[in-house]
Structures are given as C-alpha cells and as structure tokens.
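Summary of structural features
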Amino acid sequence: MGHLNSLAELGMKSTSDQVSVDSITLFVALLCACIVIGHLLEEYRWMNESITALFIGLCTGIVLLLTTGGKISHILLFSEELFFIYLLPPIIFNAGFQVKKKQFFRNFMTIILFGAIGTLISFSIISVGAIQLFKKLDIGFLEIGDYLAIGAIFSATDSVCTLQVLNQDETPLLYSLVFGEGVVNDATSVVLFNAIQRFDLSHFTSDIALQFAGNFLSLFFASTLLGVFIGLLSAYIMRKLYFGRHSTDREVALMIVMAYLSYIMAEMFYLSGILTVFFCGIVMSHYTWHNVTESSRVTTKHTFATLSFVSEIFIFLYVGIDAWDIEKWRVVSDSPGTSIGVSSILLGLVLVGRAAFVFPLSFLSNLTKKSESDKIGFKQQIIIWWAGLMRGAVSVALAYNQFTMSGHTQLRGNAIMITSTITIVLFSTMVFGLMTKPLISLLLPPKPYSSMMSSSEPSSPKSFSVPLLANGHDPDIEGAGHSTPAPTNLRAFLTTPSHTIHHYWRKFDNAYMRPVFGGRGFVPHIAASLTERNAPQLQ
C-alpha cells in the first residue's frame, strides 16, 4: 500500500513538473513573439515593446479563459521574489550603467527636485485623497498603513513610452529630466513603501512622523552610499588585478556578479536595492568600465542592455496575462461600480498629484537658471507631466506585496485594490502610451534635419529607454565642451548650483579618484589580444 502511495505521489509530482514546463515553454514563446512584433512595429514609434507585451498578454489571457472554460486565466503565479530579486535589478542597473553622466549630473538638482521632492508631494496628495474619497465607497476595511501604501504604489511612474518618442539630440534637457526623474522616482517610491511597512501607523503621532522621516532619509542615503562603495570596490579590483590579461570572461563575469551583489546586499541590510544598484551602475560605468579590455566593454554594454530589455518585456507580458485573473475579479464581481469608482478616483489623484509638483517645481527650478536654454519651457513641463502619468511594473509589484499573500487574496478590499491597480496600469500604458507620440508631435514638432542626426551605430535592444547613453565616451572626463567657471560669490553659487558642483567634482575626480580607481585617462595601456583589436570600437 505504501508503495502504491509513493507511486501516486511520484505521478502527481511528474504531472506538476510537466505542467510547469509547459507553462514556461509557452511563456518563452510569447517573449519571442513580443520581441519580433515589437521590432516590426518599431518604425511607426506608436507602440513599444511594453505596450506590445501588454497587448499580447491580454490576448493570451483571453485565449486561456476561452479554451479552459474559465478555469485557468494565467500561466505563471505572481512571485514577489521573481520580480524584486531577479527581474528588477537588471532594469535599474542598466539605467545607471548606460546613463550619460554629464547630462544627468548637470541637471542633478532638478532631477532630485522632481524625483524625490515631487514624489513625496504626489505621495501625500494620493494618500490624503484616498483617505477622504474612499470613505464614500464601500470597499471594505483598510488601515492607515494601507492608504499610505496606496500613495507610494501610485507615485511610482513608468516613462518608457515618452522616452521612446523623444529625440535625445533635439531635446537633451527634456531627456535628462524625464529619464533621471523616472529612476529616482522609482527608488523614492520603493523606499517610501519599505518605510511604511516598518512602522505601526495605526496610532500616528508626531514622534512616529519624525521617526518615519528619519528612517526614509537614512534608507535613501545609506542605499546610495552602499551602491557607490560596491562600484568603487569593483573598479579597484579591476584596476589592480587586470583580469583581462588572462581572461576577458572573468572581467565580464565579475562585473555582472558585483553589480548583482550590490542589490542583494542592499536587500540583506533592508535598504533600497533600486537606489543601490542604480548608483552602482553609474560608478561602474565611470570607473570600472574603463579598467577592462575593449572586448569586455562591448560585451558588458550589450549584456546589461539585453538583460534589462528581456526583464522588462517579461514583466509587462505577465501583467497583461494576470489582468484576467478570475480569482480577483470574482471577489469584486458583485460590485463592479465600486471597482470602477476606485480606479477612477485613483486615476484622478494621479493626474492631480503629478500636476501639483511638476509645474510649481519647474517654476522654482527656472529661477535658478540664467540661460534660457537651461530653463524648462511650458510645453516641456506638459511633456514631463504627461511622461509621469503612466504606471508600470513597480506599481503592480508593490500592490501585490501590500494586498496579496503569495499572489492570492480573498479579502474584498484587497481584491479591489489589486484589480484597480491592474486597470490603471493597463489604461495608462495603453491609452496614454498611444497618445504620447501625437502629443509630443503637437508640442514639439520634429525638425527637418532630425533624421540626419540619428546615430549610425547599431542600437542595443534597450536603446530607446536609455536616452542618456554615452556610447562609451564621457565628454566631461575629457574636458570636452565649455567649462563653467567657478563662482566668485554666493549669488553665483546659488544661480548655477549644478554647474558649480560639476566643476568642483571634476577637479576632485581628476586629482584623487581616478588615480586610485581608474577611469579614462588613468588606465595604463596594455596591448590587447588579436580578438580585442578586431572588436568593434565604441564611438
């Protein structure tokens, strides 16, 4: 009898494994379809891979429902570990690694203003608005921590649709602001979310508010410092040992492993992995990347871009398929009006919360700028506002973290929040995303010579979402372009803060950092192998 039971259990396990293999095979096939169809639609620039993956996911979910009689609606169950540990790190690291540092840090103060302060303003408006307006709807019991989590969830933006349409050569300021704010925004939202989960906010007092603010700031700065430390450590190891003399494979492997190490260490110390891995990417591109052989530079550049590209498609494909999860929709099926009402309120709060900081903070930023070319025009402000209306994978992941248990929920209030999050992500990405190109064409008509300015270098798969790509060169390191003179008085310092910081940073970097950690101009030239000499040169 025991033998028969063992055989039965083995048979069930074998069947389960086969189902898992079938699901993974289908999902990988869908990933291939997303890449091919996204490539075919790229020339129209109306749809990107994110929208394509969402659409294919939605169609796949419908087919699954129809072919299984409504019993199965998704291929894979949502896993927070899969998202936060395996899929998100490549996306964020590549954003930092491929960023054109001169543009990013030249507008660093404005980016921080939008990405950190602006996110806090949006978080406050969405949280307070949800507390006041949800009381009029019968959505079940939600605690104060849930409302604050809602504010953090819907403060996380996804500006990839806007970045695909903008031309980085024509509008470098707009590019740097949209791209930089998007990354800092995601980090700030996740740090806020983590800080909320650490505190018992059922009895909110001034002391708890101060502790919350202190915890947020400590998380923010500690995460940044850890990323910088891991990046500098990798640069020092590469510079001293120079693995490329023996094996470029070791160079590439060490860069990938240390980049991932920064994220895992941040999670181990309960910091923000997003912020850590982003600044690790910036530091590694500034120092470590210049300490490796030419072939390793080519390999790492495209490896990081490809991993990021596939991870993002995977996430949006899953979101599209999971939108039809019958378990969650069955819980809210008795009150569709409530679910629509919650989604509409949240979407309205997103619109208001975004406008509440973009226009006022743009005005404040313009007060510190002397040159008209450095100021943010009203049409550019509208585009920045629009770029932050889309919601994406980070919002979905945080919502699942807060309102489900291993992807499942039977509580009505939690189910409403999950379905509302999915609805807003789908609506904002599909509708706002498709309207992005007409809006930008209306506000910023393309110049006749714009096509002549496009780069002839083969772009990486993720090229449209890394608009500040430096293409291997770091002009600020080489002293290219004009140099902003040091300020002579306090007024000059206040009116050109980012230029001043950049000026002194370059002096400090040249004198102390690059002689120790390497970088362009300080790495001794060592004859490359024949393979490396024949490798494509980064321009």
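Basis of the calculations
Residues numbered from 1 in each chain as written. Predicted model: local features only at pLDDT ≥ 70, side-chain atom pairs only at ≥ 80, totals over all residues. Heavy atoms only, no water. Helix = DSSP H or I, 4+ residues; strand = E, 2+ residues; numbered from the N terminus. Buried < 20%, exposed > 50% of the residue type's maximum accessible area, 1.4 Å probe, protein only. Areas by Shrake-Rupley, 256 points an atom, 1.4 Å probe, with all protein chains shown as cover. Expected span 1.5 Å × (residues − 1). Patch = residues over 30% accessible without salt bridge, like charges linked within 9 Å, V, L, I, M, F, W, Y side chains within 5 Å. Salt bridge = Lys/Arg side-chain N within 4 Å of Asp/Glu carboxyl O. Core = buried A, V, L, I, M, F, W, Y, C linked by side-chain atoms within 4.5 Å. Contact = heavy atoms within 4.5 Å. pLDDT = per-residue confidence, 0-100. Axes fitted to C-alpha atoms, helices over the stretch in contact; angles between N-to-C directions. Parallel < 35°, antiparallel > 145°, perpendicular 65-115°, else oblique. Left-handed = near helix turned anticlockwise from the far one by under 90°. Nonpolar A, V, L, I, M, F, W, Y, C, P; charged D, E, K, R; others polar. Disulfide = S-S within 2.5 Å. Phe/Tyr/Trp six-rings, centres within 6.5 Å; stacked < 30°, edge-to-face > 60°.

1. A look at the overall build of the chain
A count of helical and extended segments in the chain gives 21 helices and 0 strands. In the chain, which comprises 539 residues, the proportion classed as buried is 53%. Working note: accessible area of the chain is about 24400 Å², and carbon and sulfur atoms make up 67% of it.

2. Concerning helix H2 (residues 49-67)
In this model H2 runs 26 Å from its N-terminal to its C-terminal C-alpha over 19 residues, within 8% of the 27 Å that 1.5 Å per residue would give. Backbone geometry just after H2 places glycine 69 at a positive phi near 65°.

3. Some details on a nonpolar patch on the surface
Together, Leu82, Tyr86, Tyr260 and Ile264 make up an exposed nonpolar region whose accessible area comes to about 330 Å². Here tyrosine 260 falls in the partly exposed class, since its relative accessible area comes to 32%.

4. Quick notes on the nonpolar core
Grouped together as the largest cluster of nonpolar side chains are 133 residues, with contacts concentrated most on Phe134, Ile150, Phe154, Leu317 and Met417. Tallying contributions element by element places helix H8 (residues 172-198) first for this core, with 15 residues. Non-local contacts of methionine 417, meaning those with residues more than four positions away in its chain, are made with Phe134, Leu142, Ile150, Phe154, Val342, Leu346 and Phe403. In terms of nonpolar packing, the next biggest core, distinct from the first, is built from 6 residues, Val283, Tyr287, Met513 and Phe517 among them.

5. A word on the side chain of serine 262
Topologically, serine 262 is positioned in helix H10 (residues 248-268). Excluding anything up to four places from it in sequence, serine 262 contacts Leu226, Ile230, Thr276, Val277 and Cys280.

6. Some words on the confidence of the model for the chain
For the chain, per-residue confidence averages 78 on the pLDDT scale, and residues scoring 70 or more make up 77% of the total. Confidence over residues 449-484 falls short of pLDDT 50; this stretch has 78 contacts with residues more than four positions distant or in other chains.

7. Things to note about the pattern of salt bridges
Opposite charge on two side chains allows them to pair when their charged atoms are near. One pass over the full model with this rule turns up 4 salt bridges. Put simply, arginine 297 and glutamate 294 hold a salt bridge, and the shortest N to O gap is 3.6 Å. Of this pair, arginine 297 and glutamate 294 both sit in helix H12 (residues 294-322), 3 residues apart, which is roughly one turn of that helix. Classification of arginine 297 as buried rests on a relative accessible area of 15%. In this structure, arginine 514 and aspartate 509 form a salt bridge, with 2.8 Å as the shortest nitrogen-oxygen distance. The same class applies to arginine 514 as to aspartate 509, namely buried.

8. What to know about the packing of H12 against helix H16 (residues 393-403)
Contact geometry for H12 and H16: axes closest at 10 Å, N-to-C directions at 55°. When the axes of H12 and H16 are compared, the pair comes out oblique. The handedness of the crossing between H12 and H16 comes out as left-handed. When H12 is examined against H16, the residues Ile315, Phe316, Tyr318, Val319 and Asp322 are found in contact with a partner set consisting of Ala393, Val396 and Tyr400. Looking at the contact of H12 with H16 residue by residue, the class counts come to 7 nonpolar, no polar and 1 charged.

9. Observations concerning the state of the cysteines
One way to say it: the disulfide is the covalent bond shared by the sulfur atoms of two cysteines. A complete count under the given rule lists 0 disulfides for this structure. Cysteine 34 takes part in no disulfide bond, and the closest cysteine sulfur to it belongs to cysteine 32, at a distance of 9.2 Å.

10. Examining unusual backbone geometry
You will see that tyrosine 270, though not glycine, has its phi angle at about 60°, which is positive. Along the chain, tyrosine 270 turns up in the loop between H10 and helix H11 (273-286). Accessibility expressed as a relative area gives 60% for tyrosine 270, which makes it exposed.

11. Brief notes about the side chain of threonine 110
Relative to the elements of secondary structure, threonine 110 occurs in helix H5 (residues 108-133). When sequence neighbours within four positions are dropped, the list of residues in contact with threonine 110 reads Leu177, Ser365, Lys369 and Ile376.

12. So, the packing of aromatic side chains
Considering all chains together, one arrives at 17 aromatic pairs under this definition. Residues phenylalanine 27 and phenylalanine 314 carry aromatic rings whose centres are separated by 4.5 Å and whose planes lie at 45° to one another, so their mutual orientation is tilted. Here phenylalanine 27 is found in helix H1 (residues 2-41), whereas its partner phenylalanine 314 is found in helix H12, with 287 residues between them in sequence. The exposure classification of phenylalanine 27 matches that of phenylalanine 314, with both residues buried. Through pairs of rings, three or more aromatic residues link up here, namely Trp385, Trp386, Phe427 and Phe432.

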